[in-house]
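# Commentary on secondary and tertiary structure
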Amino acid sequence: MQFSISRSFKALLFNKKLIIASLVIGFMAALLGVSLKHITEHYEELLYHRAAANHLWYAVFPFIGLSLIYILRYYLFKKKENKGIKEVFDANATGTPLPSYKIPSHFINGLLTVSFGGSTGIEVSTVVATAAIGSVATQKESFLKKYRQELICAGITAGLTALFNTPLAGLLFAYEVIFKKVNKAFIVTNLLSAAVAYGVVYLLGEEALFTVNITHWNLYALPWFMLLGILAGINSIYLTKSVLFFKKQFLKFSTGYHKIVFGAAAITIMILLLPQLYGEGYHALKESLLTANTLVLTPIIAFTLFGILLLKPLITSITLSAGGDGGVFAPGIFIGAFLGLFLAITLNTFFNAGVIPLNFMIVGMAAMLSASIHAPLTALFLVCGLINNYSLFIPLLIVSFVAKYMAHRIFPYTVYSFAKK
C-alpha cells in the first residue's frame, strides 16, 4: 500500500513538473514572438521609408543585413550557419537537443534579414527560436527529456500563437508539420503553452495584422475560388523549386563573401524594380487590401502583379540562399494575396464575373500557404487570425485543401519536408 501511494505521489509530482514546464515555455516563447514581431515591424518600416526617400539605400541595406548576419555567425554563434526548420526536424529525428544559442541566433538573424530588405519573414525564425526554448527546458530536468518532442512543439505553438493571435494555428502547425501525431503529452503541453501565449497576447492588446471589412461571399464565386486553389498549388511548386534550386547553386560559391555580394546585388535589383518586395512585403499587402475592391486591370497594374508573382519566389530564394534567416510563411501569404487579386480583377475585367477582389486576396493567402507547407488546417485558422474574421471560413477551408492536394500531386515535397530527405 505504501509503495502504491508513493508511486502515485511521484507520478503526480512529475505531472506537475510537466505542467509547469509547459506554462513557462509558453510564456517565454510568447514574449519572444511578440518582441520579434514588433521590433522587426519597427525597423523594417523605418529603413523602408528611408530607402523609399533615397533609392541608394536599396543597394546598401541588403548588403549590410547579410554582412552582419555573416559576422555574427562567425564571431558569436560558433561559426554555424542557421538551417531553418531543418534544425527542428534533425533534433526530433536524432534526439540531439537544440543548443541554447539558437534562441538569440534566430531572433537576431530574422530581425536583420527582414529589416534590411531580405524578402522573407520572421515566422520560421520564431519557430526555431521557440523550439530551442522548449528543447533547453528539457535539459534542465531529467524527467522532461522523454517529453522533448512535445515540449519543442509547445514552444513552437506558443510562438506562432503570439505572432498570429490564434492558438489554433500554432497548435495545428505543430501537429501538421512538426509532430504529425497526437498523444496525451502533446495535447496537455501544447494546450497549456497555447493558453499562456494567448493570455500574453490578450494582456498586451495585440491586434490582427490586417484590417479588412469582409461582409459576405457569393456562392457563384465558389468555382473561381477553386480555380484560385489550383493556381496557388501550381505557384507553390514554383516557390518550392526556386528555393531548392538557389540553395543548391549558392553552395557552389567558395566563400561567404561571394554569397553576400551576389545575393545583395540580386536583391537590390529586384527591389528597385518592385519596392513591394522589400522585407516581408506586408506594407504593400496592407495598402492593397484597402484598395482591392476599387482596382481596375490596367497595363501598369497587370505588369506590377505579374512581376510580383514572378520575382517574389526568386528574391525569397536568393535571400535564404545568401545567408538570410526565414522561410516561406510570409512569402506564401504575400504571393497568395496578390495571386488572388490578379485573378479576381482579371475575371471581372474579361469575364464580367462580379467577384469580390478583397475576398480573393484573403482566400489566396490561405491557398498559397497551405500549398507551400502542406498544412491546410494551419493555413485556414492562421489566415482567419490574421484578419480576425471568419466570414470566409467555408471557401478558405475548401480552397486550402484544393491547393494542398494540387501541390502534392505535382511535387510531393515542401521546402520543409524536402529538408528531411
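Please read these numbers as outputs of a predicted model, since none were measured by experiment.

A few words on the domain arrangement of the protein. Quite often, the size of an interface is put as the accessible area lost when its parts meet. Considered domain by domain, the protein is made up of domain 1 (12-204) and domain 2 (219-410). Inter-centroid distance (C-alpha atoms) of domain 1 to domain 2 is 23 Å. Across the boundary between the two partners, domain 1 contributes 39 residues, which contact 42 residues of domain 2. It is Tyr-58, Leu-66 and Ser-119 that lose the most area in domain 1 upon contact with domain 2, and together they represent 20% of the buried surface on that side. At the junction of domain 1 and domain 2, the tally comes to 17 residue pairs in polar contact (both at pLDDT 80 or more). Split by residue class, the side of domain 1 that touches domain 2 holds 20 nonpolar, 15 polar and 4 charged.

Take helix α3 (residues 86-94) next. When α3 is considered as a whole, its buried residues turn out to be Glu-87, Val-88, Phe-89, Ala-91 and Asn-92. Within two residues after α3, Gly-95 carries a phi angle of roughly 80°, on the positive side.

This paragraph deals with the packing of aromatic side chains. Within the structure shown, the criterion is met by 21 aromatic pairs. Taking 5.4 Å as the distance between ring centres and 55° as the angle between the ring planes, the aromatic pair formed by Tyr-48 and Tyr-278 counts as tilted. With Tyr-48 in helix α1 (residues 2-53) and Tyr-278 in the loop between α10 (256-273) and α11 (282-291), the pair connects residues that are 230 residues apart, well separated along the chain. Residue Tyr-48 shares its accessibility class with Tyr-278, and that shared class is buried. Aromatic side chains Phe-179 and Phe-186 sit 5.0 Å apart centroid to centroid with 5° between the ring planes, which places their arrangement in the stacked category. Both residues of the pair, Phe-179 and Phe-186, belong to the buried class.

A few words now on unusual backbone geometry. Phi at Lys-180 takes a positive value of approximately 60°, unusual for a residue other than glycine. In this fold, Lys-180 is placed in the loop between α7 (167-179) and α8 (184-204). With a phi close to 55°, His-374 is a non-glycine residue in the positive phi region. Within the fold, His-374 resides in the loop between α14 (357-373) and α15 (376-387).

Here we come to α14. When the terminal C-alpha atoms of α14 are compared, their 24 Å separation across 17 residues agrees well with the 24 Å that a helix rising 1.5 Å per residue should span. Of the residues one or two after α14, His-374 is the one with positive phi, at around 55°.

Glancing now at a nonpolar patch on the surface. Taken together, the side chains of Ile-20, Val-24, Phe-27, Met-28 and Leu-31 present a nonpolar region at the surface, about 440 Å² in accessible area. Turning to its location among the elements, Ile-20 is positioned in helix α1. Using a relative accessible area of 52% as the deciding quantity, one classes Ile-20 as exposed.

Quick look at the packing of helix α5 (residues 123-138) against helix α6 (residues 148-164) now. At a closest axis distance of 7 Å, the pairing of α5 and α6 adopts a crossing angle of 140°. Judged by the angle between their axes, α5 and α6 are oblique. The element α5 and its partner α6 pack so that their crossing is right-handed. On α6, the residues touching Glu-123, Thr-126, Val-127, Thr-130, Ala-131, Gly-134, Ser-135 and Thr-138 of α5 are Arg-148, Leu-151, Ile-152, Gly-155, Ile-156, Gly-159, Leu-160, Leu-163 and Phe-164.

What follows is about the pattern of salt bridges. Inspection of the entire model under this criterion finds 4 salt bridges. Here Lys-86 makes a salt bridge to Asp-90, at a shortest N to O gap of 3.0 Å. In this pair, Lys-86 and Asp-90 are both assigned in helix α3, 4 residues apart and thus about one turn of the helix distant. Overall, Lys-86 belongs to the partly exposed group, its relative accessible area being 27%. Taking the shortest distance from any N to any O, the salt bridge between Lys-102 and Glu-87 comes out at 2.5 Å. Of the two residues, Lys-102 sits in helix α4 (residues 102-115) while Glu-87 sits in helix α3, which places them 15 residues apart along the sequence. According to the relative accessible area criterion, Lys-102 is buried, its value standing at 5%.

Cut-offs and rules
Residues numbered from 1 in each chain as written. Predicted model: local features only at pLDDT ≥ 70, side-chain atom pairs only at ≥ 80, totals over all residues. Heavy atoms only, no water. Domains from an automatic or database assignment. Contact = heavy atoms within 4.5 Å. Buried area = accessible area lost by both parts, 1.4 Å probe. Polar contact = N/O pair within 3.5 Å; in protein donor to acceptor, adjacent residues only side chain to side chain. Nonpolar A, V, L, I, M, F, W, Y, C, P; charged D, E, K, R; others polar. Buried < 20%, exposed > 50% of the residue type's maximum accessible area, 1.4 Å probe, protein only. Helix = DSSP H or I, 4+ residues; strand = E, 2+ residues; numbered from the N terminus. Phe/Tyr/Trp six-rings, centres within 6.5 Å; stacked < 30°, edge-to-face > 60°. Expected span 1.5 Å × (residues − 1). Patch = residues over 30% accessible without salt bridge, like charges linked within 9 Å, V, L, I, M, F, W, Y side chains within 5 Å. Areas by Shrake-Rupley, 256 points an atom, 1.4 Å probe, with all protein chains shown as cover. Salt bridge = Lys/Arg side-chain N within 4 Å of Asp/Glu carboxyl O. Axes fitted to C-alpha atoms, helices over the stretch in contact; angles between N-to-C directions. Parallel < 35°, antiparallel > 145°, perpendicular 65-115°, else oblique. Left-handed = near helix turned anticlockwise from the far one by under 90°.

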